[in-house]
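Architecture and fold: a report
Listed below are the residues making up each chain.
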Amino acid sequence: MKMRRSLQTTQVLAEFLNSAQEWRYGYDLSRNTGLKSGTLYPILMRLAEHGLLETSWETTEEGRPPRHLYKLTHAGARYAYEQRNAEAAKVLGEPAWGGAGL
Amino acid sequence: MTLVRGLAQKLSSHVVKLASPGAKEWVQALAREVDFIEGDWNALAWAFGSVRALFGYRLAPIRSWDELSFTVEKFAEQKRHRVNDAWVATNFGWLNMLLGISNFGSDLLRAATTRNRIGYGMAVFGTLILTIYFFLRRADPNVPDRGDLTAMTRFYQRELWRACSLSSPDLWIVDLSILAIIVGMVMVQGPAWQTALGIFLAIGFGLFLQMQRIVRRRLEQIEALLHGRN
């Protein structure tokens, strides 16, 4: 997998997993993850570039500009689950007391 | 609509105009969200974020061999397309500068004072150098073949170096020509325009330093990856 793993990317993927089948707006993703647009969109762009994210323009009533929508692809959802499992395994693998010297 | 939200919308639509074709859809997506953001200042912060998103996307750190190969392949593909298919994109630079020469040249011929003659003269000189430079650089036939990752990586490094290294002649030719045009324009304009151009120059210089830092770091990351592989 070519995607770089970062805390922010993991956050975005986790947010998508909360409603994996739904199309999401950029602003909602930003609000729910707490990421600013300048951080969020490069992540979305890279996810789409790697075929992990599907994008679409919303169809709206006349006169209203459409909004961009995002949804994980099958590969993206699989990758997101892998990331989540990897994070969980990392957390479970770390002793709660820190472990140093014991 | 408040002044701040209006400013946010203006900034967003301006970024849409400046965005490259590859990034346009994303910048438009960012711009459309401005209308839905709660709070005017949040909307303005969002609009500023669209500028950062463009830079962040284009020059994110490269930390693995996979990321490097992906980046250099994409870069080479864009160059190939530019040379082979995109006549307008390839020739836009020098044709645009040619238009600048005719504008500044006619102003120079009409200039009544020595100060204006020097100002327009500098602007003509700057645009002339840029016209020649862009004309000579309009097509770069040395894009390596697909699949030759090492050659594509070297090509990418060379292009980054040429655009941003302080020891690159290309950087000095372009930057000094732009400086000549700006100084020339400052000389012929009134005090209000002089202030605006001064601010523009300061912002441009700040962006230039930032780009220098990012590109230097990227070149170091590529070198480190290549070094680790050998």
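This text gives an overview of the structure that appears in the document. (Residues numbered from 1 in each chain as written. Chains lettered and ligands numbered in written order. Predicted model: local features only at pLDDT ≥ 70, side-chain atom pairs only at ≥ 80, totals over all residues. Heavy atoms only, no water.)

Glancing now at a positive patch on the surface. Together, R63, R213, R216 and R217 of chain B make up a positively charged patch on the protein surface. Summarising the element assignment, R216 of chain B is placed in helix α9 (residues 191–229). (Patch = residues over 30% accessible without salt bridge, like charges linked within 9 Å, V, L, I, M, F, W, Y side chains within 5 Å. Areas by Shrake-Rupley, 256 points an atom, 1.4 Å probe, with all protein chains shown as cover. Salt bridge = Lys/Arg side-chain N within 4 Å of Asp/Glu carboxyl O. Lys, Arg positive; Asp, Glu negative; His and termini not counted. Charge placed at Lys NZ, Arg CZ, Asp CG, Glu CD. Helix = DSSP H or I, 4+ residues; strand = E, 2+ residues; numbered from the N terminus.)

Turning our eyes to something else, we now look at the interface of chain A and chain B. Tallying the contact residues gives 28 residues for chain A and 26 residues for chain B. Here chain A and chain B share 2 salt bridges between them. Notably, a salt bridge pairs E33 of chain B with R67 of chain A, separated by 2.7 Å at the nearest N-O pair. Taken together, the connections running from chain A to chain B amount to 7 residue pairs in polar contact (both at pLDDT 80 or more). Mapped by element, the contributors of at least two residues to the side of chain A that touches chain B are α2 (26–33), α3 (37–49), β2 (53–57) and β3 (68–72) of chain A. Residue composition of the side of chain A that touches chain B, by class: 13 nonpolar, 8 polar and 7 charged. (Contact = heavy atoms within 4.5 Å. Polar contact = N/O pair within 3.5 Å; in protein donor to acceptor, adjacent residues only side chain to side chain. Nonpolar A, V, L, I, M, F, W, Y, C, P; charged D, E, K, R; others polar.)

Right, let's get into the pattern of salt bridges. On inspection of all chains with the given rule, the structure shows 10 salt bridges over all chains. With a closest N to O distance of 3.1 Å, R31 of chain A and D28 of chain A form a salt bridge. Separated by 3 residues within a single helix, R31 of chain A and D28 of chain A lie in helix α2, roughly one turn from each other. Judged by relative accessible area, which is 43%, R31 of chain A ranks as partly exposed. With its nearest N and O atoms 3.0 Å apart, the salt bridge here joins E38 of chain B to R31 of chain A. With E38 of chain B in the loop between α2 (21–33) and α3 (40–58) and R31 of chain A in helix α2, this pair bridges two chains. Counted as one network, the salt bridges with shared partners bring together D28 and R31 of chain A together with E38 of chain B. (Buried < 20%, exposed > 50% of the residue type's maximum accessible area, 1.4 Å probe, protein only.)

Geometric values such as these leave the question of function open.
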